[in-house]
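Results of the structural survey
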Amino acid sequence: MFVSAVSDWCLPADSTLLMPAVSVGNVGQLAIDLIISTLNMTRVGYFYTDCLVPMVGNNPYATSEDNAKELSTNAEVYSLPSRHLTVLQTRSPLIKKKSKCFRQALTSWIKKCGFSKVVLLSSSHAYRRDDQQLFGTPYRYLVTPALQPSVTDVMKELEWKEMENISLYPGINDEEKKLSIPGGGFTKQMFEDCSSEDLKMTVVLKFCSEGDNIPDAFGLLNHLNKWLHLIELPNDSVTTHWKMPSSWRLLFGSGLPPALF
């Protein structure tokens, strides 16, 4: 599944894997873009899979005319050995009925690489929240049993809020509850797979709505940074210390044609 693009690349020991879920507002993918661009991470390979919608395009993190000509695909891996950090960026949705196959290949690769922990960035429909989720922070987290002992105290110190289970039959029977992440793509399934496979994984997500989701991506990343300390941020910083990639200039198209006026 993974094809290395660097002959001498090897995974740093005790490495953390960050990856997004293709979810509402593409918040996780936008946040991963900011991480890759800000930390100037190096592309070390890509995923060769028929589970994702095929896609190819120019280098989204181009800094000059020369590297702008480089091609990018639908699933690429970036690395920053000095920070023990690996990132998987997915740029296209899963093909229908291929989700399980992709998750199996992904968990197999995670096991093979021996990541110390996996962090999945995601989002969920704000309008689908139940009553208890309407108050307080819009951020939630989930932790697999394998990782729970090592992060429980940290999450309490950060005052992070765990994703609530919601009633199967609201107003009728509130005793039966389940985990639900509407709009979260494969987030729930991936979390359950990693739990059953005894993998150390955390889901960090934000409730949001479709639209201009750049502020949501900054918010999710600042929230994550309180835990992982990817960069040093002043207390009053919101967006200024994260570097937006060059591809974001056309995030909403190229503007109105002058000929219209």
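What counts as what
Residues numbered from 1 in each chain as written. Predicted model: local features only at pLDDT ≥ 70, side-chain atom pairs only at ≥ 80, totals over all residues. Heavy atoms only, no water. Axes fitted to C-alpha atoms, helices over the stretch in contact; angles between N-to-C directions. Helix = DSSP H or I, 4+ residues; strand = E, 2+ residues; numbered from the N terminus. Parallel < 35°, antiparallel > 145°, perpendicular 65-115°, else oblique. Left-handed = near helix turned anticlockwise from the far one by under 90°. Contact = heavy atoms within 4.5 Å. Nonpolar A, V, L, I, M, F, W, Y, C, P; charged D, E, K, R; others polar. Polar contact = N/O pair within 3.5 Å; in protein donor to acceptor, adjacent residues only side chain to side chain. Expected span 1.5 Å × (residues − 1). Buried < 20%, exposed > 50% of the residue type's maximum accessible area, 1.4 Å probe, protein only. Phe/Tyr/Trp six-rings, centres within 6.5 Å; stacked < 30°, edge-to-face > 60°. Core = buried A, V, L, I, M, F, W, Y, C linked by side-chain atoms within 4.5 Å. Lys, Arg positive; Asp, Glu negative; His and termini not counted. Salt bridge = Lys/Arg side-chain N within 4 Å of Asp/Glu carboxyl O. Arc of directions from axis to C-beta.

1. Looking at the packing of helix α1 (residues 27-39) against helix α6 (residues 214-228)
- Taken N-terminus to C-terminus, the directions of α1 and α6 make an angle of 65 degrees; their axes are 8 Å apart at the nearest point. If you check the angle between α1 and α6, you find them roughly perpendicular. The way α1 lies across α6 gives a crossing that is right-handed. Contacts between α1 and α6 pair Val27, Leu30, Ala31, Leu34 and Ile35 from the former with Ile214, Asp216, Ala217, Phe218, Leu220 and Leu221 from the latter.
- Its residues assigned to classes, the contact of α1 with α6 shows 10 nonpolar, no polar and one charged.

2. What about the environment of Arg129?
- With respect to the element layout, Arg129 can be found in the loop between β8 (117-125) and β9 (139-143).
- Separated by 37 residues in sequence, Arg129 and Ile166 place their C-alpha atoms 9.0 Å apart.
- If we ignore the near neighbours within four places in the chain, the residues touching Arg129 are Leu134 and Phe207.
- Reaching out from Arg129, the side chain makes a polar contact with the backbone oxygen of Ala126 at a distance of 2.8 Å.

3. A few points about α6
- Between its first and last C-alpha atoms α6 spans 21 Å; for 15 residues at 1.5 Å apiece the expected length is 21 Å, and the two agree.
- Across the 15 residues of α6, 13 count as buried, placing the element largely inside the fold.

4. Examining the packing of aromatic side chains
- Tallied over the full model, the rule gives nine aromatic pairs.
- Geometrically, the ring pair formed by Phe47 and Trp109 is edge-to-face, given 4.9 Å between the ring centres and 85 degrees between the ring planes. Here the residue Phe47 occupies a position in strand β3 (residues 42-47), and Trp109 occupies one in helix α3 (residues 99-113), the gap between them amounting to 62 residues. Each member of the pair, Phe47 as well as Trp109, carries the same accessibility label: buried.

5. Re the nonpolar core
- Within the largest apolar cluster, 39 residues are counted, with the highest numbers of intra-cluster contacts made by Leu18, Ile35, Met41, Leu121, Leu224 and Leu230.
- Secondary structure elements with two or more residues in this core: α1, β6 (75-80), β7 (85-90), β8, β9, α4 (148-158), β12 (201-208) and α6.
- Every residue in contact with Leu230, bar those within four places of it in the chain, is listed here: Leu18, Ile35, Leu39, Arg83, Leu85, Leu221, Leu224, Asn225 and Trp242.
- Within the second largest apolar cluster, 31 residues are counted, among which are Ala21, Leu52, Phe186 and Met190.

6. Some words on unusual backbone geometry
- Backbone geometry at Asn26 places phi at a positive 55 degrees, although glycine is not the residue there.
- Of note, Asn26 is situated in the loop between β2 (16-20) and α1.
- Since its relative accessible area comes to 35%, Asn26 is described here as partly exposed.

7. Side note on the environment of Ser209
- As for its position among the elements, Ser209 is in the loop between β12 and α6.
- Note: C-alpha distance between Ser209 and Val119 (90 residues apart in sequence) is 22 Å.
- Beyond its immediate stretch of four places on either side in the chain, Ser209 contacts Val24, Ala126 and Asp216.

8. Some thoughts on the side chain of Asp33
- Mapping Asp33 onto the fold places it in helix α1.
- For the buried residue Asp33, which engages in no salt bridge, the nearest side chain bearing the opposite charge is Arg91, 5.0 Å off.
- Leave out the neighbours within four places in its chain, and Asp33 touches Tyr61, Gln89, Pro245 and Trp248.

9. A few points about helix α5 (residues 187-196)
- Within the span of α5, buried status applies to Thr187, Met190, Phe191 and Cys194. End-on view of α5: buried residues confined to an arc of 100 degrees, all on one side of the axis.
- Contacts from the buried residues of α5 go to β2, α3, β8, β9 and β12.
- Directly after α5, the chain includes Asp198, whose backbone phi takes a positive value near 60 degrees.

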